[in-house]
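Observations on the three-dimensional arrangement
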Amino acid sequence: MVSGTVGRGTALGAVLLALLAVPAQAGTAAAADLPAPDDAGLQAVLHTALSQGAPGAMVRVDDNGTIHQLSEGVADRATGRAITTTDRFRVGSVTKSFSAVVLLQLVDEGKLDLDASVNTYLPGLLPDDRITVRQVMSHRSGLYDYTNDMFAQTVPGFESVRNKVFSYQDLITLSLKHGVTNAPGAAYSYSNTNFVVAGMLIEKLTGHSVATEYQNRIFTPLNLTDTFYVHPDTVIPGTHANGYLTPDEAGGALVDSTEQTVSWAQSAGAVISSTQDLDTFFSALMSGQLMSAAQLAQMQQWTTVNSTQGYGLGLRRRDLSCGISVYGHTGTVQGYYTYAFASKDGKRSVTALANTSNNVNVLNTMARTLESAFCGKPTTAKLRSATSSATTVERHEDIAPGIARD
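Residues numbered from 1 in each chain as written. Predicted model: local features only at pLDDT ≥ 70, side-chain atom pairs only at ≥ 80, totals over all residues. Heavy atoms only, no water.

If you look the chain up in an unreviewed UniProt entry, it shows as Serine hydrolase from Streptomyces mirabilis.

And the structure:
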């Protein structure tokens, strides 16, 4: 169950060949200056992910119109159907980038001030009037992430919320049972609570649901026909990859986690999409199609996460071993790991998906798709590896980020 195609605009059905390339050095290199994607390297990443427990894995690279598509394993363990890059899936925290785009469009429209208190727009919501919209969008608010409690035990936690429907206020209340983790603006601390607040801001300022705003502002203009916000419905529309959640207990059977409300996340993680649509979205974002240049610059005001990563406003920056920086978001929702990133100019984008989660080995392996997609084939002079300085080992996911996954 291994497949790979490459073509101009659409896959032509030819088996992918490894392409020779010289790594670029400038962090802001345009797609034209990047080495060709290393297709053999991409396939090796997928193969490794399966050996580590992922039922299936896939990756799609849009190299300025030349499409590379690779997949391995199954979308459905019960039927054995092979996974393909056209399968839809839950994107998890990649949703945060969609929410951030809507908020920054509202800034462009004069309806939102990034440096105003959240309580200006949602009076009395938060315990500190100093918490600003910018701090919420950059995970510097200090708001505790309620998912640390909800998913401290992975499978029992999931089963307890699989079919629940929460209000935004329910989730905020769960967070506020704890004190803030830091003073407003003092430190980066990833928290899903921040993008629950983002959803509340969207609905308050527009008078519409986040589903309507995503559709009208992003899905329809970009013709994202595989992208949906179905909350609180539990079914992924159309052909999709099933998600499989790994239990905390070693050797435990994978749990099919495909159907759920994702009400525990909503505007922080409930979007459904495909590799093509996410490539299109991040290409459009980075090329300036979704907001003014001024707001795109605000989105890329980076807070340091670690030596190779920064976080802007609903946007991640990852610095690769070849000196290239890429921009997008990671996503974890039960049964799915997503990496979706683009070059600075948006002309090369990659989306990779493994249909499992709570598996730190697969999480780290799938990050290597970025190296092969943007840095090209390793050369003798500069071999890359999973232990390079640009490949920070991940021990935490986008859900329950306070729980180390070892």
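Continuing now.
1. Observations regarding the pattern of salt bridges
What counts is decided by this rule: Any carboxyl oxygen of Asp or Glu that lies within 4 Å of a side-chain nitrogen of Lys or Arg is treated as forming a salt bridge with it.
What the rule picks out here adds up to 13 salt bridges. Ionic pairing is found between Arg 81 and Asp 87, a salt bridge with its closest N-O pair at 3.1 Å. In this structure, a network of salt bridges that share partners links the residues Glu 109, Lys 111, Glu 213 and Arg 217.

2. Quick look at the packing of helix α1 (residues 39-51) against helix α12 (residues 360-374)
The criterion, for reference: Simply put, an axis is a line fit to the C-alpha atoms, just over the touching stretch for a helix, and the angle between two N-to-C directions goes from 0 to 180 degrees. Helix and strand definitions here come from DSSP, where helices need a minimum of 4 consecutive H or I residues and strands a minimum of 2 consecutive E residues; each element is numbered from the N-terminal end. Note on angle classes: values under 35 degrees are labelled roughly parallel, values over 145 roughly antiparallel, values of 65 to 115 roughly perpendicular, and the remainder oblique. Contacts are assigned to residue pairs that have any heavy atoms within 4.5 Å of one another.
Interhelical geometry of α1 versus α12 gives an angle of 175° and a closest axis separation of 9 Å. With respect to their mutual orientation, α1 and α12 come out roughly antiparallel. Counting all contacts with α1, which are made through Gly 41, Leu 42, Val 45, Leu 46, Thr 48 and Ala 49, the residues of α12 involved are Val 362, Thr 365, Met 366, Arg 368, Thr 369, Ser 372 and Ala 373.

3. Describing helix α10 (residues 275-286)
Because an α-helix packs 3.6 residues into every turn, residues spaced three or four apart end up facing the same way. Heads up, the condition is: A helix is expected to span 1.5 Å for every residue after the first. Per-residue accessibility, obtained with a 1.4 Å probe over protein chains only, is compared with the maximum for each type, and a residue is labelled buried under 20%, exposed over 50%, and partly exposed between these values.
Counted at 1.5 Å a residue, the expected span for α10 with its 12 residues is 16 Å, and the 17 Å between its end C-alpha atoms agrees. Counting buried residues in α10 gives 10 out of 12 residues, a clear majority hidden from the surface. Considered for burial, the residues of α10 that qualify are Thr 275, Asp 277, Leu 278, Asp 279, Phe 281, Phe 282, Ser 283, Ala 284, Leu 285 and Met 286. After α10 finishes, the residue Gly 288 shows a positive phi value of roughly 85°.

4. Looking at the nonpolar core
Applicable threshold: The set of buried Ala, Val, Leu, Ile, Met, Phe, Trp, Tyr and Cys residues whose side-chain atoms join them within 4.5 Å is what this entry labels a nonpolar core.
If you look at the biggest cluster of nonpolar residues, it comprises 81 residues, and the most contacted ones within it are Phe 98, Trp 264, Leu 285 and Met 299. If near-sequence neighbours (up to four positions away) are discounted, Leu 285 is found in contact with Val 101, Leu 290, Met 291, Leu 296, Met 299 and Leu 315. Formed by 28 residues, the second largest nonpolar core is a distinct cluster that contains Leu 34, Ala 57, Val 59 and Cys 322.

5. With respect to the side chain of Ser 141
Convention followed: Here a polar contact means two N or O atoms within 3.5 Å. Within protein one must be a hydrogen donor candidate and the other an acceptor candidate, and residues neighboring in sequence count only if both atoms are side-chain atoms.
Relative to the assigned elements, Ser 141 resides in the loop between α4 (133-137) and α5 (147-150). Side chain to side chain, Ser 141 and Asn 194 meet in a polar contact 2.5 Å long. Discounting chain neighbours no more than four positions away, the residues touching Ser 141 are Ile 131, Gln 135, Val 136, Asn 182, Pro 184 and Asn 194.

6. Some remarks on the side chain of Ser 267
Looking at where Ser 267 falls in the secondary structure, it is placed in the loop between β6 (255-256) and β7 (272-273). From its side chain, Ser 267 meets the backbone oxygen of Phe 195 in a polar contact 2.6 Å long. One polar contact links the side chain of Ser 267 to the main-chain amide nitrogen of Gly 199, over a distance of 3.4 Å. Sequence-distant contacts of Ser 267, that is, excluding residues within four places in its chain, are made with Thr 95, Lys 96, Ser 99, Tyr 168, Phe 195, Val 196, Gly 199, Val 210, Tyr 214 and Tyr 229.

7. Observations regarding the packing of aromatic side chains
What counts here: The aromatic pairing rule takes the rings of Phe, Tyr and Trp, using the six-membered ring of Trp, and pairs them if the centres are within 6.5 Å, calling planes under 30 degrees apart stacked, those over 60 edge-to-face and the rest tilted. Consider the ring centre and the ring normal. A charge sits over the ring if Lys NZ or Arg CZ is within 6 Å of that centre and within 35 degrees of that normal.
Summed over all chains, the structure comprises 10 aromatic pairs. Aromatic pair Tyr 190 and Tyr 311: ring centres 6.3 Å apart, planes at 80°, arrangement edge-to-face. Residue Tyr 190 is found in the loop between α7 (168-176) and α8 (192-206), and its partner Tyr 311 is found in strand β9 (residues 309-311); the two are separated by 121 residues along the sequence. With respect to class, Tyr 190 is no different from Tyr 311; both count as buried. These aromatic residues form a ring-pair network of at least three members: Phe 98, Tyr 214, Phe 219, Tyr 229, Phe 281 and Phe 282. A cation over an aromatic ring shows up here: Arg 77 above the ring of Tyr 244, its NZ or CZ 5.6 Å from the ring centre. We note Arg 317 situated over the ring of Trp 302; from NZ or CZ to the ring centre the distance is 5.5 Å.

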